[in-house]
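Architecture and fold: a report
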Amino acid sequence: MKIYFHLSIEEFTNGYVIINDDPSVMEALIVDPAKINKELINQIEAGPYKLTTVLVTHNHTNHVKGLATLKKIYSPDVYAADYDVAGNQTVVLRGDGRIRVAGMDVEYYSVPGHSADSMVYKIGNVLFTGDTITSGIIGETSNKYSRKLLMEKIQEKVFSQTDIMVIMPGHGPPSTVESEKQYNLDMTDMERF
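Residues numbered from 1 in each chain as written. Predicted model: local features only at pLDDT ≥ 70, side-chain atom pairs only at ≥ 80, totals over all residues. Heavy atoms only, no water.

As for the sheet that holds strand β14 (residues 175–176)
Taking strand neighbours across the sheet as the criterion, the 6 strands line up as β7-β8-β9-β10-β13-β14 in an open arrangement whose pairing is mixed. For this open sheet the edge positions go to β7 (97–101) and β14, each flanked by a neighbour on one side alone. Inspection of the sheet shows β7 paired to strand β8 (residues 104–110) by 5 bridges, in the antiparallel sense. The residue of β8 that forms the bridge with Gly-97 is Tyr-108. (Pairing = 2+ DSSP bridges. Helix = DSSP H or I, 4+ residues; strand = E, 2+ residues; numbered from the N terminus.)

Listed below in C-alpha cells is the structure:
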C-alpha cells in the first residue's frame, strides 16, 4: 500500500490517494477528494492502476468539492455516512464495520460530533480522520453536547487503537495515536465535561 498526500491550497484541506500496489490488484482509492487538480489526475492516469473507490469522512464542501469532477472522469464507488454526498451513487455506511475496496480491508467508525456523518477509516496502520481529530486539537463542534460526544467517541474509537497508529487528518500534518493521547490540548480537557 502506498499513500499520496494532496493538499487543496484554497481550502487547506488534505486529500489522500491510496494505492494497492499488489500486482494482482493495482487499484486505488481516494479519501476526501477536496480538489481535483492536474497533479492528482496525472498521478491516476500515469499509474498502472484503476481508481475504484472514494471514501468521504464527512459531507463538508471542502472535503467533497472534487467529487463531481471525479465522477465525470471515472466511475468510482462512493462510500459515506450521508446519502447527500452523491445521491443514489452513495454507498451509505452506518455505525462501525468493515468493507473491502480496491483490494484492501477498510474498517470504518462512526465518530459524530464535528458533524453527524463523521467517519474515520482505518487502512492497515493508518487512520484517515477527516476533521474528527487533527494534530493537537479535535474538530469544531456546534455545542457542548456535540463536543462531549466527539471527545467520548475519539477516546473509544481512536485512542483504543495502537499507539503507533498513524493519523492522517483532513487538515494539518500527520500525527500518531500516542502523540494525540499525550499532547492533544482538547482531549486533555476531557475531565471538565
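What about the packing of aromatic side chains?
With the rule as written, the count across this model stands at 2 aromatic pairs. Ring geometry for Phe-5 against Tyr-16: centres 6.0 Å apart, planes inclined by 55°, an arrangement best described as tilted. Placement of Phe-5 in strand β1 (residues 2–8) and of Tyr-16 in strand β2 (residues 13–20) is noted, with a sequence separation of 11 residues between them. What makes Phe-5 partly exposed here is its relative accessible area of 47%. (Phe/Tyr/Trp six-rings, centres within 6.5 Å; stacked < 30°, edge-to-face > 60°. Buried < 20%, exposed > 50% of the residue type's maximum accessible area, 1.4 Å probe, protein only.)

Notes on the environment of Val-126
Tracing the backbone through its elements, the reader meets Val-126 in strand β10 (residues 126–130). Classification of Val-126 by relative accessible area gives buried; the value is 5%. Separated by 42 residues in the primary sequence, Val-126 and Met-168 place their C-alpha atoms 7.0 Å from one another. The residues contacting Val-126, other than those within four sequence positions of it, are Met-1, Ile-3, Tyr-121, Met-165, Val-166 and Met-168. (Contact = heavy atoms within 4.5 Å.)

Quick notes on the pattern of salt bridges
Working definition: two side chains of opposite charge can pair if their charged atoms are close together. In total, this model carries 8 salt bridges according to the counting rule given. One salt bridge connects Arg-147 with Asp-186, and the closest N-O pair in it is separated by 3.3 Å. Here Arg-147, found in helix α4 (residues 144–158), pairs with Asp-186, found in helix α6 (residues 185–188); they are 39 residues apart in sequence, far enough to count as distant. Like Asp-186, Arg-147 is buried. A salt bridge links Lys-181 to Asp-163, with the shortest nitrogen-to-oxygen separation between them at 2.8 Å. Taken together, the residues span a long stretch of sequence, with Lys-181 in helix α5 (residues 177–183) and Asp-163 in the loop between α4 and β13 (166–169) at a distance of 18 residues. The exposure class assigned to Lys-181 is partly exposed, which follows from its relative accessible area of 38%. (Salt bridge = Lys/Arg side-chain N within 4 Å of Asp/Glu carboxyl O.)

Observations concerning the sheet that holds β1
With respect to topology, 6 strands assemble into an open sheet ordered β1-β2-β3-β4-β5-β6, the strand pairing being mixed. Edge positions in the open sheet fall to β1 and β6 (90–92), since each of these has one partner strand only. Neighbour-to-neighbour, the strand axes of the sheet open up by a mean angle of 25°, direction not taken into account. Of the pairings in the sheet, the one linking strand β4 (residues 50–55) to strand β5 (residues 77–80) comprises 3 bridges and is parallel in character. Counterpart to Leu-55 in the pairing with β5 is Tyr-79. (Axes fitted to C-alpha atoms, helices over the stretch in contact; angles between N-to-C directions.)

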